[in-house]
Amino acid sequence: MRFADKTALITGGTSGIGRATAVMFAREGANVCITGRDEARGADVVSEIGADGARGLFVRADVRVDEECRRAVDETVSAFGRLDVLFNNAGVYFPNDAISCTEEEWDEQVDSSLKGTFLMSKYALPVMISQGAGSIVNNASGWGLVGGDRAVAYCAAKGGVVVMSKAMAIDHGPQGVRVNCVCPGDTVTPMEHADAAARGLSWEEYVSVASDRPLGRMGDPEEIARAVLFLASDEASFVTGAVLAVDGGGAAG
């Protein structure tokens, strides 16, 4: 129960890594607010959180929109009285290079990952600072550390998240807020299934690429979630500005 009596806010919490992390925070005793744009999936996650005896809340919010980010933080604090952890997880991906990427696809990828992380942090930070403590974990990507094929906008956005996390750690460490970044490799989520289809690959062909990594496989959402919980917890009390690759060794070579 590492997060008993604490509150976590997770963007993009209705599926994949966000959902797994929300459920894991709840099992560790946290009150959990998730954001997303699909109300039915949000209700399903809140029901799963409640089944573990925790308090859950879904706020429909688009992290690309300033006022909706402000409202997500306000509703979280109104419901639970505090905000201890922010996991900036929301993001989208379209497989395109610089020639084929449209301006609209560029904007959606950069705004959801990079601008959304900025806006949610902008409104969460004053709450955490007023409490004298808080932890922000930003979800970047292994492709925020190294380049990837057909991922120009995604790499730009996630690389920005990596360095922004370091800048925020420097700014807000003296105010009691730790800021860290997790960089997942390929993980079995709906986003990966969509990427396989967009690339014209069967799931078996797509998964086979993972055999080139040191651990020889893709990750599970729960494996990423455990890293997020560590960075957010008091076990990482002397960790800020860190960038943790959770990618089966993909970025090591």
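Remember, it's a predicted structure, so these values are computed and weren't measured experimentally. (Residues numbered from 1 in each chain as written. Predicted model: local features only at pLDDT ≥ 70, side-chain atom pairs only at ≥ 80, totals over all residues. Heavy atoms only, no water.)

Chemist: Got a minute to help me understand the packing of aromatic side chains in this structure?
Modeler: Given two aromatic rings, one states the distance between the centres and the angle between the planes to describe the pair. Within the structure shown, the criterion is met by 4 aromatic pairs. Judged by centre distance (5.5 Å) and plane angle (20 degrees), the ring pair of Trp203 and Tyr206 falls under stacked. Residue Trp203 and its partner Tyr206 are located together in helix H7 (residues 203-208), separated by 3 residues, close to a single helical turn. Here Trp203 falls in the partly exposed class, since its relative accessible area comes to 23%. In this structure an aromatic cluster arises from ring pairing among Tyr93, Trp143 and Tyr154. (Phe/Tyr/Trp six-rings, centres within 6.5 Å; stacked < 30°, edge-to-face > 60°. Helix = DSSP H or I, 4+ residues; strand = E, 2+ residues; numbered from the N terminus. Buried < 20%, exposed > 50% of the residue type's maximum accessible area, 1.4 Å probe, protein only.)

Chemist: Explain the packing of helix H4 (residues 103-131) against helix H5 (residues 152-172) to me, please; I cannot follow it from the model alone.
Modeler: Helix-helix packing: each pair is described by the crossing angle between the helix axes and the interaxial distance. In contact at an axis separation of 8 Å, H4 and H5 are set at 15 degrees when each is read in the N-to-C sense. When the axis of H4 is compared with that of H5, the two are roughly parallel. Where H4 crosses over H5, the two elements pack in a sense that is right-handed. Within the contact between the two elements, H4 uses Trp106, Gln109, Val110, Ser113, Leu114, Thr117, Phe118, Ser121, Leu125 and Ile129 and H5 uses Val152, Ala153, Tyr154, Ala156, Ala157, Lys158, Gly160, Val161, Met164, Met168 and His172. Here the residues of the contact of H4 with H5 sort into 14 nonpolar, 6 polar and 1 charged. (Axes fitted to C-alpha atoms, helices over the stretch in contact; angles between N-to-C directions. Parallel < 35°, antiparallel > 145°, perpendicular 65-115°, else oblique. Left-handed = near helix turned anticlockwise from the far one by under 90°. Contact = heavy atoms within 4.5 Å. Nonpolar A, V, L, I, M, F, W, Y, C, P; charged D, E, K, R; others polar.)

Chemist: Is there a simple way to think about the nonpolar core in this case?
Modeler: It is characteristic of soluble globular proteins that their nonpolar side chains tend to be buried jointly. In this structure, Phe25, Val32 and Val182 are the most contacted members of the largest nonpolar core, which totals 27 residues. Elements with a minimum of two residues in this core: strand S1 (7-10), helix H1 (16-27), strand S2 (31-36), helix H2 (39-51), strand S4 (85-88) and helix H8 (221-232). Those residues within four positions of Val32 in sequence are excluded, and the remaining contacts are Ala8, Ile10, Ala22, Phe25, Ala26, Ile49, Arg55, Gly56, Leu57 and Phe80. Ala90, Ile136, Met168 and Val179 belong to the second-largest nonpolar core, a separate cluster that totals 25 residues. (Core = buried A, V, L, I, M, F, W, Y, C linked by side-chain atoms within 4.5 Å.)

Chemist: Can you walk me through the pairing of strand S6 (residues 177-184) in this structure?
Modeler: Consecutive side chains along a regular strand alternate between the two faces of the sheet. S6 sits mainly inside the fold: 8 of its 8 residues count as buried. Residues Val177, Val179, Cys181 and Cys183 of S6 are buried on one face, and the alternating residues Arg178, Asn180, Val182 and Pro184, pointing to the opposite face, are buried as well. For the segment spanning strand S5 (residues 134-139), H5 and S6, crossover handedness is right-handed. Relative to strand S7 (residues 243-246), S6 is paired through 4 bridges, and the arrangement is parallel. Each bridged residue has a counterpart across the sheet, and for Pro184 the counterpart in S7 is Val246. (Right-handed = clockwise from strand over helix to strand, strands pointing away. Pairing = 2+ DSSP bridges.)

Chemist: For this particular structure, what's the right way to read the sheet that holds S6?
Modeler: Within a sheet, adjacent strands bond to each other through the backbone by hydrogen bonds, running parallel or antiparallel. Strand order in the open sheet made by the 7 strands is S3-S2-S1-S4-S5-S6-S7, with parallel pairing throughout. Here the strands that pair on one side only, and so sit at the sheet edges, are strand S3 (56-60) and S7. For this sheet, the mean angle separating the axes of adjacent strands, direction not counted, is 20 degrees. Examined bridge by bridge, S4 and S5 share 4 bridges and lie parallel to one another. Within S5, the residue paired with Val85 across the bridge is Ser135. Contacts from H1 reach S1, S2, S4, S5 and S6 within the one sheet, and its direction differs from that of S1 by about 175 degrees.

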